[in-house]
Amino acid sequence: MSIRLYGWPDSTAARVHWALEELGVSYEYVELDRKRGDNRAPAYLAVNPTGKVPGLVDGGQAYFESAAILLHLGDTYGRERGLWPAPGAARAEALCWTVWATTELHAYMMQWLYHGKDTVVSYAPADRSKATADYNHGQYLRMLDALEARLAGRDYILGATFSLADVPAASSLLTGIALGGGVEGRKQIEAWLARCRARPALARIGGAG
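What comes next is a walk through the structure. (Residues numbered from 1 in each chain as written. Predicted model: local features only at pLDDT ≥ 70, side-chain atom pairs only at ≥ 80, totals over all residues. Heavy atoms only, no water.)

Once that is clear, we can look at the overall build of the chain. When helices and strands are counted, the chain shows 8 helices and 4 strands. For the chain, the α and β elements follow one another from N to C terminus as β-α-β-α-β-β-α-α-α-α-α-α. For 209 residues, the compact-globule estimate of 2.2 N^0.38 gives 17 Å, and the chain sits close to it at 17 Å. In terms of overall dimensions, the chain has a C-alpha envelope of 45 × 45 × 25 Å along the principal axes. Per-residue burial for the chain yields a buried fraction of 48% across its 209 residues. Long-range contacts, defined here as pairs at least 24 residues apart, represent 63% of the contacts in the chain between residues at least 6 apart. Computed over 22 positive and 22 negative side-chain charges, the inter-centroid distance for the chain is 1 Å. (Helix = DSSP H or I, 4+ residues; strand = E, 2+ residues; numbered from the N terminus. Rg over C-alpha atoms; globule rule 2.2 N^0.38 Å. Buried < 20%, exposed > 50% of the residue type's maximum accessible area, 1.4 Å probe, protein only. Contact = heavy atoms within 4.5 Å. Lys, Arg positive; Asp, Glu negative; His and termini not counted. Charge placed at Lys NZ, Arg CZ, Asp CG, Glu CD.)

Take the packing of aromatic side chains next. Overall, the coordinates contain 6 aromatic pairs when judged by the stated rule. Pairing Tyr 108 with Tyr 135 gives two aromatic rings, centres 6.5 Å apart and planes at 70 degrees, and the pair type is edge-to-face. In this pair, Tyr 108 sits in helix H4 (residues 89-116) while Tyr 135 sits in helix H5 (residues 130-151), placing the two residues 27 residues apart along the sequence. Looking at Tyr 108, the relative accessible area reads 17%, which means it is buried. A connected cluster of aromatic rings, assembled from ring pairs, spans Trp 18, Tyr 156 and Phe 162. Against the face of Phe 162 rests Arg 199, its NZ or CZ located 4.0 Å from the ring centre. (Phe/Tyr/Trp six-rings, centres within 6.5 Å; stacked < 30°, edge-to-face > 60°. Lys NZ or Arg CZ within 6 Å of the ring centre and 35° of its normal.)

Another aspect to go through is the environment of Ala 94. Relative to the helices and strands, Ala 94 is located in helix H4. When its relative accessible area of 0% is taken as the criterion, Ala 94 is described as buried. In this structure, the C-alpha to C-alpha distance between Ala 94 and Leu 83, residues 11 residues apart in sequence, is 10 Å. Excluding anything up to four places from it in sequence, Ala 94 contacts Trp 84, Pro 85, Leu 158 and Ala 165.

Attention now moves to the pairing of strand S4 (residues 61-64). Remember that side chains alternate between the two faces of the sheet whenever the strand is regular. Of the strand pairs in this sheet, strand S3 (residues 55-58) and S4 are connected by 4 bridges, and their pairing is antiparallel. Considered in S4, the bridge of Asp 58 is made with Gln 61. The hairpin formed by S3 and S4 contains 2 residues between the paired strands, and Gly 59 there has a positive phi angle of roughly 60 degrees. (Pairing = 2+ DSSP bridges.)

Structure, rendered in structure tokens:
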């Protein structure tokens, strides 16, 4: 089996897992044990030198960072399956929204939740800060507004059909909702999330993580 995904529960490895199920490619999922220190073992650090998840090996080539992995999967497997656009304007949009979801939407959302929600106290830093929570909440709302505007007149981020560009944003928001956050009345996002949540591939991995 040429594709191997490394992850653990409740991590951004879930979005890669979801993408692999959507693609229908053969892969092996390797669940690492943080408590045992699997992510610090030399063999895994050769895949992801940061010691975090996800890590992915495809045909002997290692990849880390979920956005980079999703872009690789889209370019390598997604086009022939109708889940990633060919080079051109649509692919440029797919690249931008995929990276945005991981570096902007997810980052601001998680910092808001870490500092501002008791539901994530087990994950939160010891020095929780209301000022930090308020700042990140404001930025998170800005990200929601951008996505709400993008989805106006569209069923999915790239248009009428689901693509891998939907995966990181949907995975992040579904995780945030599970941790006590929400999309704060954005109707376009609510409808889009309902469509994404209904994907059989997402059900097969047990949710967005």
